[in-house]
Amino acid sequence: MSLRVLWPDVIEPPALGAAHPVGDSTLDDVEMLVYDAASPLPESVHDADVFVVWGRPSHLLPDDARALTMVQLVQGLMAGTEVLTAAGFADDAVVCSGVGLHDRPVAEHTLALVLALVRRLPTLLEARRECTWRADMAGHQPLHPEGPVTTLLDAEVLIWGFGSIAHTLAPMLTALGARVRGVARSAGVRAGVEVVGAADVDTVLPETDILVSLLPGTEDTRHVIDTRRLDLLPAHAYVVNVGRGSVLDEDALVAALHAGTLGGAALDVMETEPLPPESPLWRAPGVILTPHCAGGRPVGYGDLLRTNLRALRTGTGWRNRV
């Protein structure tokens, strides 16, 4: 049985079948059809068996679901698949995510944001713009001064949303001396890290120097980091959001920063993207903003696709099935 695979033009298609370095004759008859990720699908590809989604505007997905009446596998290369499951694809179409493809790039970016806050890069960059030498930040410094932490050594870091990215990030933070805990739906020990249940998050927020959110965007997580929870954090705490913008009440964050009840924040995701010029986040003190660029580099997507194409034929061995 041949398979017609729709592949987005924003990323290089993987080698399949005999073209793959190790060879795989079971995928020799797969036909790759490259489509324009920014445009509606042409009628000529409406009979495709597999739809790979990456870099596609979410408003096009409901039309895709109506058009692709024969699709058997919808393979997202993104970690979160809420836009795919809400699009309306046929009930018998398998939806798979790209969980695991972004662990290292996102963990790396998150670490960069944490270090930028801890090492006070926003303050130093502002001083550079003003041609000011910050002598108070040079020379001899206390290891643990009053106020925001200035090193990861002995810093209390809480990662809320302890999935595969957190499993990659936590050892990086630990290697730099941080004491890391996690928050997930259920308590336990994961990757050697103590994880508390989400119902108990309020008990650990007051002990947190750096709160890192890797939460997905769902109805249950909308604005879970709100005024009340920001108030539970120490006044010196940093907030880093690299999950979904909807989990953080941005108005509450801006208010806390202006009031001086938070040490600072770093956001790679916002509720509205691109962030409009009128957003108060642009002018809030102590904020680092990056344009949702932590991921964007799915690592190992070829292996994921090959695995799930085989599973489509055998009915077993699915990876990241939603």
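Computed from a prediction, not measured in an experiment: that's the story for all the values here.

Caption draft 1: Fine view of the pattern of salt bridges. This structure, assessed with the given rule, holds 15 salt bridges. Put simply, D47 and R4 hold a salt bridge, and the shortest N to O gap is 3.1 Å. Here D47, found in the loop between β2 (30–35) and β3 (50–53), pairs with R4, found in strand β1 (residues 3–8); they are 43 residues apart in sequence, far enough to count as distant. Residue D47 is classed as partly exposed on the basis of its relative accessible area, which comes to 33%. Between R66 and D63 there is a salt bridge, with its nearest N and O atoms 2.3 Å apart. Taken together, the residues span about one helical turn, with R66 and D63 both in helix α1 (residues 61–67) at a distance of three residues. Of the residues examined, D63 reaches a relative accessible area of 42% and is grouped as partly exposed. In the salt-bridge network here, residues are joined through shared partners; they are R4, E31 and D47.

Caption draft 2: Geometry of the environment of L68. Along the chain, L68 turns up in the loop between α1 and β4 (73–76). Counting along the chain gives 19 residues from L68 to D49, while the straight-line C-alpha distance between them is 8.3 Å. If we ignore the near neighbours within four places in the chain, the residues touching L68 are L6, L41, V45, H46, F51 and F89.

Caption draft 3: Summary view of the side chain of S97. Relative to the elements of secondary structure, S97 occurs in the loop between β5 (94–96) and α3 (103–118). If we skip the residues at most four places from it in the chain, S97 touches Q75, G76, M78, A79, T81, L304, N320 and V322.

Caption draft 4: Geometry of the layout of surface pockets. What the second largest pocket holds in volume is close to 310 Å³. Contributing to the lining of the second largest pocket are 17 residues, with R119, R120, M137, A138 and Q141 lying nearest its centre.

Caption draft 5: Representation of the pairing of strand β6 (residues 156–160). Counting buried residues in β6 gives five out of five residues, a clear majority hidden from the surface. The side-chain alternation of β6 yields two buried faces, one formed by E156, L158 and W160 and the other by V157 and I159. Pairing analysis gives five bridges linking β6 to strand β7 (residues 179–184), with the strands arranged parallel. Within β7, the residue paired with L158 across the bridge is R181.

Caption draft 6: Layout of the nonpolar core. With 40 residues, the main nonpolar core has L6, F51, V74, L77, F89 and L309 as its most contacted residues. Only β1, β2, β3, α1, β4, β5 and α9 (301–314) provide two or more residues apiece to this core. Among the elements that make up this core, the one with the highest residue count is α9 (five residues). Once residues within four sequence positions are removed from consideration, F89 is found in contact with F51, L61, D64, A65, L68, V71, V74 and L84.

Caption draft 7: Representation of α3 within the structure. Here α3 is 16 residues long and its end C-alpha atoms lie 22 Å apart, about the 22 Å a rise of 1.5 Å per residue gives. Of all the residues in α3, the buried ones are D103, P105, V106, A107, H109, T110, L111, L113, V114, A116, L117 and V118. On its buried face, α3 sits against α4 (121–129), α5 (164–175), β10 (210–213), β11 (238–241), β12 (264–267) and β13 (287–289). With its phi angle positive at about 55°, R120 sits one or two positions after the end of α3.

Caption draft 8: Main features of the packing of aromatic side chains. Inspection of the entire model under this criterion finds three aromatic pairs. On the numbers, 5.4 Å between centres and 45° between planes, the contact of Y35 with F51 is tilted. Here the residue Y35 occupies a position in strand β2, and F51 occupies one in strand β3, the gap between them amounting to 16 residues. Take Y35: its relative accessible area is 4%, and that puts it in the buried class.

Caption draft 9: Molecular detail of the sheet that holds β13. Taken in spatial order, the eight strands make up an open sheet running β8-β9-β7-β6-β10-β11-β12-β13, and their pairing is mixed. Looking at strand neighbours, the two that pair on one side only are β8 (188–190) and β13, the edges of this open sheet. The sheet shows a mean angle of 20° between the axes of neighbouring strands, direction not considered. Relative to β13, β12 is paired through three bridges, and the arrangement is parallel. Of the residues in β13, the one forming a bridge with A265 is V287. Against the sheet, α5 engages β6, β7, β8, β9 (193–197) and β10, with an angle of about 175° to β6.

Basis of the calculations
The residue numbering used here restarts from 1 in each chain and proceeds along that chain's sequence as written. With the structure being a predicted model, the display of local features is reserved for residues of pLDDT at least 70 and the display and counting of side-chain atom pairs for 80 or more, all residues being used for whole-chain, interface and lining totals. Side-chain measures were taken over the full set of non-hydrogen atoms in the model, leaving aside hydrogen atoms and water. Here a salt bridge means any side-chain nitrogen of Lys or Arg lying within 4 Å of a carboxyl oxygen belonging to Asp or Glu. The secondary structure listing takes helices from DSSP runs of H or I that are at least 4 residues long and strands from runs of E that are at least 2 residues long, numbered from the N terminus. Residue exposure (1.4 Å probe, protein chains only): buried if accessible area is under 20% of the type maximum, exposed if over 50%, otherwise partly exposed. Should any heavy atoms of two residues lie within 4.5 Å, those residues are counted as being in contact. Definitions used throughout: a 1 Å grid over protein atoms alone; a cavity as a set of points that fits a 1.4 Å probe which cannot get out; a pocket as an open set with protein on both sides within 12 Å along at least five of seven lines; a lining residue as one with an atom within 4 Å of a point. Grid points are joined across faces, edges and corners, and a volume is the space filled by probe spheres set on the points. Pairing between strands is defined by DSSP: at least two bridges between the two strands are required. Buried residues of nine kinds, namely Ala, Val, Leu, Ile, Met, Phe, Trp, Tyr and Cys, make up a nonpolar core once their side-chain atoms join them within 4.5 Å. To estimate the expected span of a helix, subtract one from its residue number and multiply by 1.5 Å. Each pair of aromatic rings taken from Phe, Tyr and Trp, with Trp reduced to its six-membered ring, is defined by centres within 6.5 Å and is described as stacked if the planes are under 30 degrees apart, edge-to-face if over 60, and tilted in the remaining cases. The convention used is that axes are lines fitted to C-alpha atoms, helices contributing only their stretch in contact, and that angles between N-to-C directions extend from 0 to 180 degrees.

That is the geometry; function is a separate question.
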